[in-house]
Amino acid sequence: MSDRSQLISTGKPFQYDQERDAEFERLIKRYPTRESMILPSLWLIQEQEGWISQEAIAYVADRIGTFASKVYEAVTFYTMYQLHPMGRHHICVCRTLSCWLRGKQEIIDYLKDEIGIIPGQIDEDGRFSLEEVECLGHCGTAPVVQVNGEFHEDMNVDKLKALLATLK
Amino acid sequence: MEVKILSAKFDIKDANKIAVAKPLGAYATLDKLFAMKPEEVIEEVKKSGLRGRGGAGFPAGVKWGFLPKNTGKPIYLTVNSDESEPATFKDRYILVRDPHMLIEGIIICSYAIGCHDTYIYIRGEYTTQVKVLQAAIDEAYAEGYLGDSVAGHDFKLDVTVHRGAGAYICGEETALLESIEGKKGQPRSKPPFPAVAGLYGCPTIINNVQSIASLPFIIEKGADAYKVYGTQKSPGTHLFGISGHVEKPGMYELPLGLPILEVIDKVAGGVWKGRKLKGIIPGGSSTPVLLPDEAKDVTLDYESMAAHKTMFGSGGIVVLDETVDIVQLVKNLIDFYHHESCGQCTPCREGLGWMLKIIKKILRREGSMDDVNLLRELCDNIEMKTVCVLSAACTMPVRSYLDKFRHEFEAYVQNASSVQAKQE
Ligand SMILES: Cc1cc2nc3c(=O)[nH]c(=O)nc-3n(C[C@H](O)[C@H](O)[C@H](O)COP(=O)(O)O)c2cc1C
Ligand code: SF4
Ligand code: FES
């Protein structure tokens, strides 16, 4: 999560599955330039694989018809693109203003104790990864936690405990 | 105090679905719209006084009027749904609870400016929101409200959702355009302004979600009906997000112009836990803080905020209770803006990093008065020397905390010298 300079190779060629292939073809017609497909293509990889490998980057560069360096520039700039495998449950805790005012630190401290990792890490059995993120646009129901894209609002330690129990 | 113009359908179950939204009036303005000339639509929006709800408050109709005529190039509309300014959480209600109001607004704006391709730029974190929005767009296509012939009229319009991937800076309009073009989100120097050379070098209008969603009401009921709400210079209603230390945080639609303290007390239930008010951030984290005394005659409109040397911003009000440690808060702010700097200007990239180092030093109680003064000086030296205003979005509020809560910084510093004295 934190080191965005290294690409990881899987040693296997990458390819979209049928569904992503169709979505790629639908989207490319929507833009006047092929390079506009860089961000959408990366999202499709991440949806399919959970993260973005060196081979996947080469694949989209080739398919779009652009330099791999352009794809690399985008993938390293945008922090939501994951450059290595994540935990099965990727937990993002908002650390910004309103969440900070309403107790985000308790949430972080509890998670650190409970799953034994600090933000930026993945636990040993790959069940959880943890990240502190910037304002998630849910400040009226702070503090906010996002797990695999799903929002959990008005969090407190009790709710968090119950939530963790459901994440196998 | 609350009114329901934009939020009229927010509490109705399944109003995001076209089958529910249509009987409630969705797309009802289109016959009227296509009977008007595009210039007449722009004129009506100008008359309504609708101001951009993305933060700067620029009159929407006036902006559309900047588009050059007959360039032979396509004209684009991009809808800004990046919603990343800390304490801002209004646009997502539109995306999820009434997306057809947004699509109808997009049709209105596109027709007025002669655009046939609209891009909605939505922040990557809005995963559930993007699904609801895309489903609504698919429905609109299926029912003929988008596509080759909008609602049976001789007007073609395609709407494409483009997802960001975690970069606050892409809310800045030219960074947003770069991001749609597949590049990293680094703002462009202006001029040229996007109205002249924007997306793919073509004339482009960028408007916030709430600005666009305000259009169906204006076209249906007319500019005068819109101006019934709000003040003369800040007409209409706004989705205010109230967060922080209040009893009832949340999103409330209010006419502009209400007294801020009354809104905090009556709408948001007042400062929580019976505590005292310490300060109010009036319009998102980048707006200068107001002390309780200063807030007494502040009203929620662009003019009153400017008169009190702060900004209306995005309508994200944050209430600070008496327990807040301002020095810690300032560190949280600088951390955010430093993290989100796109890195192309030295004063922003290095300056905010330097400010972060100093505030951390002060917090470790290793700072001196010189550090506090240096922090203040840096604010002046960074601001307005960069390509975009992200750096100012950090220095403007930080300066306000340094000036209005100087004693709190001094306490950390004096404490530091006594710690040092003991050690010696
Ligand atoms: C750093 C920065 C971040 C911004 N973020 C947003 C945002 O998240 N949403 C938004 O609508 N406008 C944002 N803006 C303002 C846009 O640049 C632009 O003014 C706005 O989208 C225009 O729409 P409006 O006239 O309808 O307000 C941001 C500006 C800056 C400088
Ligand atoms: S001010 Fe900061 S965010 Fe804006 S263009 Fe310069 S470096 Fe990028
Ligand atoms: S500050 Fe946490 S969601 Fe906005």
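A quick note: this is a predicted structure, and the numbers were derived from the prediction, not measured.

A. Region of the structure containing the domain arrangement of chain B. Residue and element names in this part refer to chain B. Taken domain by domain, chain B consists of domain 1 (18-227), domain 2 (240-321) and domain 3 (326-423). When each unit is reduced to the centre of its C-alpha atoms, the spacing between domain 1 and domain 2 is 28 Å. Contact residues are listed per partner, giving twelve residues for domain 1 and 16 residues for domain 2. Interface area, domain 1 with domain 2, both sides summed: about 1100 Å², of which 58% is carbon and sulfur. Counting the contacts that link domain 1 with domain 2 gives one salt bridge. Among the ionic pairs, Arg51 bridges to Glu303, the shortest N-O distance being 2.9 Å. Split into classes, the residues belonging to the side of domain 1 that touches domain 2 amount to four nonpolar, four polar and four charged.

B. Fine view of the pairing of strand β7 (residues 277-281) of chain B. Residues and elements named next belong to chain B. Judged by how many residues are buried, β7 sits mostly within the fold: four of five residues are covered. Both β7 and strand β8 (residues 316-321) contribute to a ladder of four bridges, which runs antiparallel. The residue bridging Ile281 from the neighbouring strand is Val318, located in β8.

C. Broad picture of the site of ligand 2. Residues and elements named next belong to chain B. Every residue lining ligand 2 is accounted for by Ile169, Pro187, Ser341, Cys342, Gly343, Gln344, Cys345, Cys348, Thr386, Val387, Cys388 and Leu390. Placement of ligand 2 is best described as lying within the largest cavity. Classifying every residue of the shell around ligand 2 by side-chain character gives eight nonpolar, four polar and no charged.

D. Structural view of the sheet that holds β7(B). Residue and element names in this part refer to chain B. Here four strands make up an open sheet; going across it, the order is β6-β5-β8-β7 and the pairing mixed. If you trace the sheet from one side to the other, it starts and ends with β6 (250-255) and β7, each paired once. Looking at each pair of strands side by side, their axes are set apart by 25° on average, direction ignored. Pairing of strand β5 (residues 237-244) with β6 involves six bridges; the strand directions are antiparallel. The partner of Thr237 across the bridge, within β6, is Pro255.

E. Fine view of the site of ligand 1. Residues and elements named next belong to chain B. As a structural note, the neighbourhood of ligand 1 is formed by 17 residues, with Gly54, Lys63, Asn207, Asn208 and Ser211 the closest of them. Gly171 is positioned with one of its backbone polar atoms (N or O) 3.2 Å from a nitrogen atom of ligand 1. Note that an oxygen atom of ligand 1 is positioned 2.7 Å from one of the side-chain N or O atoms of Asn208. Burial of ligand 1 by the protein chains amounts to 89% of its free accessible area of 610 Å². For the shell around ligand 1, the element with the most residues is strand β4 (residues 204-208), which contributes three residues. Broken down by class, the residue content of the shell around ligand 1 amounts to three nonpolar, eight polar and six charged.

Thresholds, definitions, all that
Residues numbered from 1 in each chain as written. Chains lettered and ligands numbered in written order. Predicted model: local features only at pLDDT ≥ 70, side-chain atom pairs only at ≥ 80, totals over all residues. Heavy atoms only, no water. Domains from an automatic or database assignment. Contact = heavy atoms within 4.5 Å. Buried area = accessible area lost by both parts, 1.4 Å probe. Salt bridge = Lys/Arg side-chain N within 4 Å of Asp/Glu carboxyl O. Nonpolar A, V, L, I, M, F, W, Y, C, P; charged D, E, K, R; others polar. Buried < 20%, exposed > 50% of the residue type's maximum accessible area, 1.4 Å probe, protein only. Helix = DSSP H or I, 4+ residues; strand = E, 2+ residues; numbered from the N terminus. Pairing = 2+ DSSP bridges. Near = heavy atom within 4 Å. 1 Å grid on protein atoms, 1.4 Å probe; cavity = no way out; pocket = protein on both sides within 12 Å on 5 of 7 lines; lining within 4 Å. Sits in = over half its atoms within 2 Å of the grid points. Axes fitted to C-alpha atoms, helices over the stretch in contact; angles between N-to-C directions. Polar contact = N/O pair within 3.5 Å; in protein donor to acceptor, adjacent residues only side chain to side chain. Areas by Shrake-Rupley, 256 points an atom, 1.4 Å probe, with all protein chains shown as cover.

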